[in-house]
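Observations on the three-dimensional arrangement
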Amino acid sequence: MGKRKKLALHWKILIGLLAGVVVGLLVNWFWTGSTWAALGVNDPAAYVGTKAVYDASVAEGGPNEDAGIVAGAARQVRLATVFAGQLFLRGLMFIAVPIVLFSLVVGVSSLNDTSRLGRIGGKTIGIYLVTTAVAITVGLVAANLIGPGKGITEEQRDSLLSEQQANAQQRIEAANEQRQRTTWDIILDIVPTNPFGAMATGNTLQVVIAALLVGVALTMIPREKGRPVIEFFDAMTDVVIKIVEMILIIAPYAVFALIVVVIADLGVALLLLLLQYAAVVVGGLALMVFAVYPLILRVFTPVRYKRFFRAISPAQLLAFSSSSSGATLPVTMECCDERLGVKEEIGSFVLPIGATINMDGTALYQGVAAVFIAQLFGMDLTLAQQLQIVLTATLASIGTAAVPGVGIVMLVIVLDSVGIPLEGIAVILGVDRILDMCRTCCNVTGDCMVASVVASSEDALRTEEEVAARMAEKEARGLDEFPKEEQEKAEAIG
Ligand code: ASP
């Protein structure tokens, strides 16, 4: 009997995602009733078990009325999925620092010529900055052409402003704290005072610096002495990659759980009201992901559309579900290495830096949001102001941490740089989560694109055939076994 072909990982994750949307809508319906209310379904029967009824029944001494029980069940589903999603994210966070440290030390120590490192670093940062500036320009142009702010009435604006005032204030305060730091402080902060502290706090850029230094120093001491250390880091890299593979097996279920929560909490009414704004952001991001990046790949690498997306889609889907480039990093590294063919010495360097400083999606979103809020307040932005936005948003995207929701904090700094009313962020806060998911997906795609370009220019990109052969070997060996060459090595030593 022929072996049944296994469903590819990205399809499994996509199925998890779609199932999550369906279950999330059901929870949203039973829990808050907002989905159907927003779509104009006013039949009270549709609200059996809404959050309000549930809360009322709890106030009366426990969720024991029929309606309350339905909402209570929906609430429990939501809580259980929050737990499952968070558990998965913790697994990824757990592995993020070790994978950067171990693989980067091995990657750098395998570079025979350290001047190559400077060249790779220069290219990486240069391409990151240029693509970020392109992304924000796309955002600004799209928002100027479409004018999403013009469809919102003054009353709608004011009611949104008052609803989210407290939330907006929190973000403004966070931005003020951030603003206390000068560019010099930000650069200084990249250098760790204590490498273990950097690891303990999960500061990716500092871990990159520490790993670079150790890697470079390893190339400068006698090979004999360095060998055991390199072998240790090499073995640990294999260990952490194995853990990523284990985590990836449950990714489809985790994505399901993460999406259920987002959709369950989604204010659909708000999304419909801000549809035009959201559509401009999503359209701009789609343009970057599906047109600009593939075009750059086409010009500078042999990687074609299908190969690129097939390889990195697990990372994209995970970025979308988790809204965090940082949490996605281990999977991004695994996808680029195993599935796309970017060699470790490039991927282990370019990707962690990208996860922290390359935020094309965030920058694009900041461009659209700035124009949108300006339009809401009847402001016309001059060309000089828009250029100022490009500059500030490019720099802000570097200082943006790779975690959910910080893009909107940095937006405050961008708005302030051209005098757009800061409280305007209250209007867009309600739909921020869903846009955060989309921009994180773009951020991660951009990192993978740059890794391919740098790898290709450094002759460190495997061919499609080489990638397929490695994947087939891995597939045949399964998760529990050593690779053949490793096994032989182990036997020889043993
Ligand atoms: N969530 C984004 C990321 O981690 C950052 C942001 O735009 O808020 O890439």
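Anything mentioned here points back to the structure above.
What counts as what
Residues numbered from 1 in each chain as written. Predicted model: local features only at pLDDT ≥ 70, side-chain atom pairs only at ≥ 80, totals over all residues. Heavy atoms only, no water. Helix = DSSP H or I, 4+ residues; strand = E, 2+ residues; numbered from the N terminus. Buried < 20%, exposed > 50% of the residue type's maximum accessible area, 1.4 Å probe, protein only. Contact = heavy atoms within 4.5 Å. Phe/Tyr/Trp six-rings, centres within 6.5 Å; stacked < 30°, edge-to-face > 60°. Lys NZ or Arg CZ within 6 Å of the ring centre and 35° of its normal. Axes fitted to C-alpha atoms, helices over the stretch in contact; angles between N-to-C directions. Left-handed = near helix turned anticlockwise from the far one by under 90°. 1 Å grid on protein atoms, 1.4 Å probe; cavity = no way out; pocket = protein on both sides within 12 Å on 5 of 7 lines; lining within 4 Å. Points joined across faces, edges and corners; volume = space filled by probe spheres on them. Nonpolar A, V, L, I, M, F, W, Y, C, P; charged D, E, K, R; others polar. Near = heavy atom within 4 Å. Polar contact = N/O pair within 3.5 Å; in protein donor to acceptor, adjacent residues only side chain to side chain. Areas by Shrake-Rupley, 256 points an atom, 1.4 Å probe, with all protein chains shown as cover. Sits in = over half its atoms within 2 Å of the grid points. Parallel < 35°, antiparallel > 145°, perpendicular 65-115°, else oblique. Patch = residues over 30% accessible without salt bridge, like charges linked within 9 Å, V, L, I, M, F, W, Y side chains within 5 Å. Salt bridge = Lys/Arg side-chain N within 4 Å of Asp/Glu carboxyl O. Expected span 1.5 Å × (residues − 1). Bend = angle between axes of the 7 residues up to and from the residue.

1. Considerations on the overall build of the protein chain
- The helix and strand tally for the protein chain stands at 23 helices and zero strands.
- For the protein chain, buried positions account for 51% of its 494 residues.
- In the protein chain, once contacts between residues fewer than 6 apart in sequence are set aside, the share between residues at least 24 apart is 81%.

2. Thoughts on the packing of aromatic side chains
- Under the counting rule described, the total for this entry stands at seven aromatic pairs.
- Here Tyr305 and Phe309 contribute two aromatic rings whose centre-to-centre distance is 5.0 Å and whose plane-to-plane angle is 55°, an arrangement assigned as tilted. Remark: Phe309 and Tyr305 occur in helix α14 (residues 305–322); sequence separation between them is four residues, near one turn of the helix.
- Residue Phe309 is classed as buried on the basis of its relative accessible area, which comes to 12%.
- One aromatic cluster is present, built from ring pairs that chain together Phe290, Tyr305, Phe308 and Phe309.
- Over the ring of Tyr365 we find Arg439; its NZ or CZ atom is 4.0 Å from the centre of that ring.

3. Remarks on the packing of helix α16 (residues 344–357) against helix α21 (residues 432–457)
- Look at α16 against α21: their axes get within 9 Å of each other, and the N-to-C directions meet at 145°. Along this stretch, α16 crosses α21, giving a crossing that reads as right-handed. Contacts between α16 and α21 pair Ile346, Val350, Leu351, Gly354 and Ala355 from the former with Asp447, Cys448, Val450, Ala451, Val454 and Ala455 from the latter.

4. Digging into empty space enclosed by the protein
- With the rule as written, the count across this model stands at two cavities of 30 Å³ or more.
- Volume-wise, the largest cavity comes out at about 110 Å³.
- Lining the largest cavity are 13 residues; nearest its centre among them are Ser103, Met333, Glu334, Asp337 and Glu344.
- If you list the elements that add at least two residues to the lining of the largest cavity, you get α4 (66–109), α15 (325–340) and α16.
- Along the lines of polarity and charge, the residues of the lining of the largest cavity split into six nonpolar, three polar and four charged.
- In this structure, the second largest cavity spans a volume of roughly 70 Å³.
- When contributions to the lining of the second largest cavity are tallied by element, the ones reaching two or more residues are α19 (406–417) and α21.
- When residues in the lining of the second largest cavity are grouped by element, the largest group, four residues, is from α21.
- Here the residues of the lining of the second largest cavity sort into five nonpolar, eight polar and two charged.

5. Thoughts on the site of the ligand
- Close contacts around the ligand come from 15 residues, with Ser325, Thr362, Gly407, Asp436 and Arg439 the closest.
- A distance of 3.2 Å is found between an oxygen atom of the ligand and a backbone nitrogen or oxygen belonging to Val406.
- A distance of 2.7 Å separates an oxygen atom of the ligand from a polar backbone atom of Gly407.
- Burial of the ligand by the protein chains amounts to 100% of its free accessible area of 270 Å².
- Among the cavities detected, the one that contains the ligand is the second largest cavity.
- Breaking the shell around the ligand down by element, the ones donating at least two residues are α19 and α21.
- Of all the elements, α21 adds the most residues to the shell around the ligand, at four residues.
- Residue classes in the shell around the ligand are distributed as five nonpolar, eight polar and two charged.

6. A few points about the packing of helix α13 (residues 275–300) against α14
- At their nearest, the axes of α13 and α14 sit 11 Å apart, and the two run at 125° to each other. Overall, the two elements α13 and α14 adopt an arrangement that is oblique. At the point where α13 passes α14, the crossing takes the right-handed sense. Contacts from Val289, Phe290, Pro294 and Leu297 of α13 reach α14 at Tyr305, Phe308, Phe309 and Gln316.

7. A short note on a nonpolar patch on the surface
- On the surface, Leu7, Trp11 and Ile15 cluster together to form a nonpolar patch covering roughly 320 Å² of accessible area.
- As for its position among the elements, Trp11 is in helix α1 (residues 9–31).

8. Description of the pattern of salt bridges
- This structure, assessed with the given rule, holds 11 salt bridges.
- Taking the shortest distance from any N to any O, the salt bridge between Glu224 and Arg227 comes out at 2.9 Å. Taken together, the positions of Glu224 and Arg227, both in helix α11 (residues 223–265) and three residues apart, correspond to about one turn of that helix.
- Judged by relative accessible area, Glu224 falls into the exposed class, the value being 57%.
- In the salt-bridge network here, residues are joined through shared partners; they are Arg116, Arg119, Lys123, Glu345 and Glu458.

9. What to know about helix α17 (residues 360–376)
- With 17 residues, α17 extends 24 Å between its outermost C-alpha atoms, agreeing within 8% with the 24 Å of an ideal straight helix rising 1.5 Å per residue.
- Most of α17 sits out of view: 17 of its 17 residues are buried.
- Count one or two residues on from α17 and you reach Gly378, which has phi positive near 65°.

10. Regarding α13
- The end-to-end C-alpha distance of α13 is 36 Å, a good match for the 38 Å that 26 residues give at a rise of 1.5 Å each.
- In α13, a bend of some 35° at Met288 exceeds every other bend along the element.

11. What to know about the environment of Ala210
- Secondary-structure assignment places Ala210 in helix α10 (residues 204–220).
- Taking the relative accessible area as the measure of exposure, Ala210 reaches 11% and is therefore buried.
- Taking the C-alpha atoms as reference, Ala210 lies 7.4 Å from Pro192; in sequence the two are 18 residues apart.

12. As for the side chain of Ser321
- Here Ser321 is to be found in helix α14.
- There is a polar contact of 2.7 Å between the side chain of Ser321 and the backbone oxygen of Leu317.
- With sequence-adjacent residues up to four places away left out, Ser321 is seen in contact with Leu17, Val255, Leu258, Ile259 and Arg433.

13. Considerations on the environment of Arg171
- Along the chain, the position of Arg171 falls in helix α7 (residues 165–179).
- Exposure remark for Arg171: the relative accessible area of 24% places this residue in the partly exposed category.
- Spatially, the C-alpha atoms of Arg171 and Leu422 are 9.8 Å apart, while their sequence positions differ by 251 residues.
- Ignoring any residue separated from it by four or fewer positions in sequence, one finds Arg171 in contact with Ile408, Val409, Val412, Ile425 and Leu429.

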